[in-house]
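Structure at a glance
Below are the chains, spelled out letter by letter.
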Amino acid sequence: MWRHMTGAERILEVLLTRRSVSPRRLEHPGPNPDELDAIIQAGLRAPDHGGLHPWRVIEFRPQNREALAWCFEQEKLRRDPLASPTDLRRAREHATRPPLLLGFVVSPRERSKIPAREQWLGAGAALGNLLSAAHQLGYGAIVLSGERCFDETLARQVGVLPGEYLAGFISVGSIREAPPQAREVLSQSVWSCWQGWQDPRDDNAPPDQPILPSERVRGS
Ligand SMILES: Cc1cc2nc3c(=O)[nH]c(=O)nc-3n(C[C@H](O)[C@H](O)[C@H](O)COP(=O)(O)O)c2cc1C
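Residues numbered from 1 in each chain as written. Predicted model: local features only at pLDDT ≥ 70, side-chain atom pairs only at ≥ 80, totals over all residues.

The next subject is the site of the ligand. The ligand sits among Arg19, Ser20, Ile142, Val143, Leu144, Ser145, Gly146, Ala167, Gly168 and Ala182. Those elements that place two or more of their residues in the shell around the ligand are strand 4 (140-144) and strand 5 (165-175). Broken down by class, the residue content of the shell around the ligand amounts to 5 nonpolar, 4 polar and 1 charged. (Near = placed C-beta within 6 Å. Helix = DSSP H or I, 4+ residues; strand = E, 2+ residues; numbered from the N terminus. Nonpolar A, V, L, I, M, F, W, Y, C, P; charged D, E, K, R; others polar.)

Put into structure tokens, the structure is as follows:
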């Protein structure tokens, strides 16, 4: 995956090799209840200002998947009354195919002194941990929202409460077919260095300077 792996990269290999695996590349078995519990515990270890855990997951167990498939089909028809039988079958499969299916719900606490944006960031960090934990356990996983997550009727049907947001559906399962290679993104694309103030009376700091590959080594 990398041109060469440093020692740090080798130690972080699990995090650095996580990739999303689409539901059609997944197969049974999915995680067992103990593994799912561990995955959720990993989510709860994400940084969380105020310890609010402003998120939750809804598990859709096998006996309720047909009912969920009906909800997905109805949502598709609300959006597109002329949806073809193939479109409707695909909508149903999003509910029935994944070995484990979780709804990821963001639940910002409204009357908290923790700013909403930090609660959303905390929820996102938890989502990342859930996906990384599934990967570390050897499963493939992906979160997908699609348009259905913005449908208020569907959100109500799956138990999302007023003030909550259905952020996506997480599919988890054994990997039947490996996903394509991830595209390598250089850390320099998100890494810059503050230049300080040249003139302390000037409120505007000079623009950050991008880090060049030759500067990756720890500076003084
Ligand atoms: C909340 C959330 C919702 C997403 N919804 C979709 C989606 O509806 N369709 C899609 O193609 N990718 C969606 N993605 C992106 C994929 O889950 C995945 O991260 C992306 O394809 C990049 O793959 P990677 O995770 O292997 O880098 C979503 C990501 C997040 C965090």
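Assigned domains within the protein: domain 1 (7-175) and domain 2 (185-220). Using only C-alpha atoms to locate each centre, domain 1 and domain 2 end up separated by 36 Å. (Domains from an automatic or database assignment.)

Take the nonpolar core next. In terms of nonpolar packing, the biggest core is built from 29 residues, with Leu130, Ala134, Ala141 and Ile170 touching the most fellow members. Mapped onto this core, the elements with two or more residues apiece are helix 3 (33-44), strand 3 (100-106), helix 6 (116-136), strand 4, helix 7 (152-157) and strand 5. The element contributing the most residues to this core is helix 6, with 7 residues. If you look at the next biggest cluster of nonpolar residues, it comprises 5 residues, including Leu68, Ala69, Ala91 and Ala95. (Core = buried A, V, L, I, M, F, W, Y, C linked by C-beta atoms within 7 Å. Buried ≥ 20, exposed ≤ 12 C-beta atoms within 10 Å, placed from the backbone.)

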